[in-house]
Amino acid sequence: MKILHTADWHLGKIVNNVYMTEDQQYILEQFLTIVEQQQPDVIIIAGDLYDRAIPPKQAVELLNDTFTSLINDFNIPVLAISGNHDSPDRLEFGSQLFRRQELYLDTKLTKDYQAVTIHDHYGPIHFHLIPYVEPAEVAYMFDDHEIRSHQQAAAKLIAHIKEKYSMDERHIWIGHAFLAGGMESESEERLSMIGGSPYIDAKLFESFTYVALGHLHQSQKVGKENIRYSGSILKYSFSEVNHNKSVTVVDVDGEGETEINRVPLYPKRDFERIEGYFDELLQGKSAGNQESYLYVRLLDDGQLIDPMGKLRKVYPNILHLERMPSANPSKLEDAGKMKERQQLSPDTLFASFYQDIKDDTIPDHRQKLVKEAIETLKQKERGQ
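Each chain has its residues counted from 1, following the order in which its sequence is written. Reporting in this predicted model follows two pLDDT cut-offs: at least 70 for local features of residues, and 80 or more for side-chain atom pairs to be given and counted; totals over whole chains, interfaces and linings ignore these cut-offs and use all residues. Remark: hydrogens and water are excluded; side-chain values derive from all non-hydrogen atoms of the structure.

**Student:** Describe a nonpolar patch on the surface, and please don't skip the residues or the numbers.
**Tutor:** Patches in this entry comprise residues that are over 30% relatively accessible and not in a salt bridge; like charges within 9 Å are linked, as are nonpolar side chains (Val, Leu, Ile, Met, Phe, Trp, Tyr) within 5 Å. Exposure was quantified through the Shrake-Rupley algorithm and a 1.4 Å probe, taking into account, for residues, occlusion by the shown protein chains and nothing else. Any carboxyl oxygen of Asp or Glu that lies within 4 Å of a side-chain nitrogen of Lys or Arg is treated as forming a salt bridge with it. Together, Phe350, Phe353 and Ile357 give the surface a local cluster of nonpolar side chains, amounting to about 310 Å² of exposed area. Along the chain, isoleucine 357 turns up in helix α10 (residues 346–358). Counting from the N terminus, the helices are DSSP H or I runs at least four residues long and the strands are E runs at least two residues long.

**Student:** I'd like to hear about the side chain of serine 219, residue by residue, with values.
**Tutor:** Note on placement: serine 219 falls in the loop between β12 (210–214) and β13 (220–222). Between buried and exposed lies partly exposed: a residue is buried under 20% and exposed over 50% of the maximum accessible area for its type, with that area taken using a 1.4 Å probe on protein chains only. With relative accessibility at 13%, the residue serine 219 sits in the buried group. Contacts: residue pairs with any heavy atoms within 4.5 Å of one another. Residues within four places of serine 219 in sequence aside, it is in contact with Tyr229, Ser230, Gly231, Ser246, Thr248 and Arg262.

**Student:** An account of the sheet that holds strand β8 (residues 123–130) is requested, with residue identities and associated values reported.
**Tutor:** Read across the open sheet, the 6 strands follow the order β7-β8-β9-β12-β14-β13; overall the sheet is mixed. A strand with exactly one partner marks an edge of an open sheet, and here the two such strands are β7 (116–120) and β13. The sheet shows a mean angle of 30° between the axes of neighbouring strands, direction not considered. For two strands to pair, DSSP has to find at least two bridges joining them. Two strands pair when backbone bridges link them, and strand β9 (residues 170–176) and β12 are joined in this way by 5 bridges, in the parallel orientation. Pairing of tryptophan 173 across the sheet is with valine 211, part of β12. Lines fitted to C-alpha atoms define the axes here, with helix axes fitted over just the stretch in contact, and angles between the N-to-C directions of these axes take values from 0 to 180 degrees.

**Student:** An account of unusual backbone geometry is requested, with residue identities and associated values reported.
**Tutor:** A positive phi angle is found at histidine 215, which is not glycine, with a value near 125°. Tracing the backbone through its elements, the reader meets histidine 215 in the loop between β12 and β13. Positive phi values are uncommon outside glycine, yet aspartate 306 reaches one of about 50°. With respect to the secondary-structure elements, aspartate 306 resides in the loop between β18 (293–298) and α8 (307–312). The partly exposed category is assigned to aspartate 306, whose relative accessible area is 48%.

**Student:** Pulling in residues and values, what's your account of the packing of helix α5 (residues 135–142) against helix α6 (residues 150–164)?
**Tutor:** It is the contact of α5 with α6, at a shortest axis distance of 8 Å, that shows an interaxial angle of 40°. It follows from the interaxial angle that α5 and α6 lie oblique. Between α5 and α6 lies a crossing whose hand is left-handed. Here α5 contributes Pro135, Val138 and Phe142 to the contact with α6, which in turn contributes His150, Ala153, Lys156, Leu157 and His160. Angular relationships are summarised with four words: roughly parallel below 35 degrees, roughly antiparallel beyond 145, roughly perpendicular across 65 to 115, and oblique for the angles in between. Handedness of a crossing is defined here by the sense of rotation of the near helix relative to the far one, left-handed for an anticlockwise turn of less than a right angle and right-handed for a clockwise turn.

**Student:** Quick one: what's the story with the packing of aromatic side chains, residue by residue and with numbers?
**Tutor:** Note on aromatic contacts: the rings of Phe and Tyr and the six-membered ring of Trp form a pair at centre separations within 6.5 Å, being stacked when their planes are under 30 degrees apart, edge-to-face when over 60 apart, and tilted otherwise. Within the structure shown, the criterion is met by 9 aromatic pairs. An angle of 65° between the planes, with centres 5.0 Å apart, marks the rings of tryptophan 173 and phenylalanine 205 as edge-to-face. With tryptophan 173 in strand β9 and phenylalanine 205 in the loop between β11 (199–200) and β12, this residue pair connects regions lying 32 residues apart in the sequence. Phenylalanine 205 sits in the buried class, given a relative accessible area of 2%. The interplanar angle of 50° and the centroid separation of 6.1 Å between the aromatic rings of phenylalanine 350 and phenylalanine 353 together place this pair among those described as tilted. Taken together, the positions of phenylalanine 350 and phenylalanine 353, both in helix α10 and 3 residues apart, correspond to about one turn of that helix. Judged by its relative accessible area of 34%, phenylalanine 350 is partly exposed. The exposure class assigned to phenylalanine 353 is partly exposed, which follows from its relative accessible area of 48%. Directly above the ring of phenylalanine 142 sits lysine 156, whose terminal nitrogen or CZ lies 5.6 Å from the centroid. Here the guanidinium or amino end of arginine 273 rests over the ring plane of tyrosine 295, the centre of that ring lying 4.3 Å away. Here, over-ring charges are defined by two tests on the NZ atom of lysine or the CZ atom of arginine: distance to the ring centre within 6 Å, and angle to the ring normal within 35 degrees.

Below, the structure written as structure tokens:
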């Protein structure tokens, strides 16, 4: 069976106040061409179809058009799950009706969970669609309040699958999670850490034929070759400048052995970082493509009049412009502190703020309240 694995479309994404819908439409048209060329038996989309709980109209239309082409034009089963950016309730609409057309869209876990089983000429392959869920949701589902971390939640779900199915057959896990050892970028929203670490040990999945993951935006394996993130379809921040975007094609034989290949995706506009002196940049030779989305760093010391306006006449898609920081030690120290703060989790950042204002460490009970409030806001954003 040939499987095409993709994830993290983030339709409706805004990068530095620029809607990426046109770029996403371009890349999804390319994706459909790859589907036509590869002729897969199954398509997997491992979460984060949308970028936020309430996506813009254009994003909904784009997803609808893409699904319609996959189902009507190619007649290929599509297996998709919700990610941490999606609203499970909104994405669930019509999902039971869509199953008749072999569009399997799972956004919530239930106690009567069933795998989607698809046969090839070797026999059945069981696809386990596991949408992004918080540990508390898994704890409620199994009435097991010892489950407090993503690791414990995943272990419980895998144990449940092993109770229901013979692992001598071929099984594929479709999930949206953060596996320990995966390389992250600035684009991914941090998963909940309330009650424990957001990381999951890849060793939990060793009994699966293939593990199709979403969440991390760089295409990569974690531990074993058959435990993989397909990566996002586009670059969504300048931390992804060096990523090579692709979709993953997996051939599964009758013994459960996999052959894995990546098919590259080529964006309409790439992301680039460039730097130089203002007059040099105006010559238009600093970027690989003048139409690219650019992060520009100016090396000039003196005053410049409207550098952004003048540079945009040469490079129309500049998203960020900055000056070389002063060599003044105090300013460099301030910049370093600011960068450190940007890496802090929301609750740690609030604790630092509390320390600055009150000149005292935040009490444990208040820290707990802050974490609960942050989690409530995240759930509201996801539409729960």
